[in-house]
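Chain by chain, the residues run as shown.
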Amino acid sequence: MTGTTNTGKAVNVPLITTELAADEAGVTTATIRKWVQRGHLRPAGTQGRRRLFRLEDVFAAERTTHLTRHHHH
């Protein structure tokens with residue numbers, strides 16, 4: 001298996017589990033799953049039955065959800 005994306009570029013981005021994604025974004029795993037349900041975050045791959053995410057996607061989702069939550073500050 002090669003690490004190519006549908007853009008045709010070979011990428012070597014480490015994929016992280018839901019737990020690690022939650023840890024990195026400072027949220028709970030439940031929040032990560034909610035983002036997936038709402039379409040903010042898409043799993044970049046799977047490992048068995050686990051979903052794997054790209055860190056940049058997690059941060060993008062985090063920014064998106066922070067922008068839409070006005071009462072946060």
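Before any of the text, the structure's been laid out above.
Draft legend 1. Representation of the side chain of Thr 65 within the structure. By the secondary structure assignment, Thr 65 is in helix α3 (residues 55-68). Looking at Thr 65, its side chain comes within polar contact range of the main-chain oxygen of Glu 62, at 3.0 Å. Those residues in contact with Thr 65 that lie beyond four places of it in its chain are Trp 35 and His 40.

Draft legend 2. Representation of the pattern of salt bridges within the structure. Scanning the model with the defined rule gives three salt bridges in all. Arg 54 is paired through a salt bridge with Glu 56; the nearest N and O atoms lie 3.0 Å apart. By relative accessible area, Arg 54 is classed as partly exposed at 27%. Note that Asp 57 and Arg 54 form a salt bridge whose closest N and O atoms lie 3.8 Å from each other. A residue is classified by how much of its surface remains accessible, and Asp 57, at 22% relative accessible area, is partly exposed.

About the thresholds
Residues numbered from 1 in each chain as written. Predicted model: local features only at pLDDT ≥ 70, side-chain atom pairs only at ≥ 80, totals over all residues. Heavy atoms only, no water. Helix = DSSP H or I, 4+ residues; strand = E, 2+ residues; numbered from the N terminus. Polar contact = N/O pair within 3.5 Å; in protein donor to acceptor, adjacent residues only side chain to side chain. Contact = heavy atoms within 4.5 Å. Salt bridge = Lys/Arg side-chain N within 4 Å of Asp/Glu carboxyl O. Buried < 20%, exposed > 50% of the residue type's maximum accessible area, 1.4 Å probe, protein only.

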